[in-house]
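Tertiary structure, described
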Amino acid sequence: MRALRYSTTGEPSDVLRLEAVTLSPGPGQALCRVEASPVAPSDVLAVRGHYAVQQPLPATAGMQGVGVIEALGPQADAPLGQRLLFPMRSGAWASHALVDLHRALPLPSDIDPVQACGLRINPPTAQLLIADLPEGSWLIQDPGSCGVGQYVVQLAAARGLHTVSIVRRPERAERLRALGADVVLE
């Protein structure tokens, strides 16, 4: 098993090291083969030491992830092969991760793991961004086509809010319009 680990904070290119690791699930844990983990701003902030909640060092990078259960620890009850959405800060920039089952969410086997790995943070972030806006408000977002931006468009449309979404790649404009964006600027 391998993991991108850091023992001091700093620029990811300077402090991340690919290391061999040995993982064994403890009580209530599953050993999961990582299928997908994004590189998100929160990951970079954590490695740099600027994220609000820091892991004890040394740590494995990767705040979000999706994987499949390969082994179970004592008192762990889940089917082998079950796909899971990992809890935050599970060290998902690795071939395998230890996951506390009581904090993980089972996922359907046919869900795209790349799409699913952002479910822990993107929808709640989008909801918080628009929570205090009164119906009829307009909001501008840049970039509009990122994962959070796409959720903002959908949630805003459902709440009677209007969106102006700025995209850097014109091929993403139609997707945002289909999700309910009022204005898309390319």
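A few points on the structure. (Residues numbered from 1 in each chain as written. Predicted model: local features only at pLDDT ≥ 70, side-chain atom pairs only at ≥ 80, totals over all residues. Heavy atoms only, no water.)

With that settled, consider the sheet that holds strand β9 (residues 138-141). Across a sheet, strands are paired by hydrogen bonds formed along the backbone, either parallel or antiparallel in direction. Sheet architecture is open: three strands sit in the order β9-β10-β11, paired in parallel fashion. The open sheet has two free edges, formed respectively by β9 and β11 (183-185), since each of these has just one partner strand. If you compare each strand with its neighbour and ignore which way they point, the axes differ by 15 degrees on average. Examined bridge by bridge, β9 and strand β10 (residues 162-166) share four bridges and lie parallel to one another. The residue of β10 that forms the bridge with Leu 139 is Thr 163. (Pairing = 2+ DSSP bridges. Helix = DSSP H or I, 4+ residues; strand = E, 2+ residues; numbered from the N terminus. Axes fitted to C-alpha atoms, helices over the stretch in contact; angles between N-to-C directions.)

Now for the sheet that holds strand β6 (residues 83-85). The sheet built from five strands is open, its strands ordered β7-β3-β5-β6-β8 with antiparallel pairing. A strand with exactly one partner marks an edge of an open sheet, and here the two such strands are β7 (96-100) and β8 (105-107). Across the sheet, the axes of successive neighbouring strands diverge by a mean angle of 45 degrees, strand direction being ignored. As paired elements, strand β3 (residues 29-36) and β7 share five bridges and run antiparallel to each other.

Nothing here speaks to function; it is all geometry.
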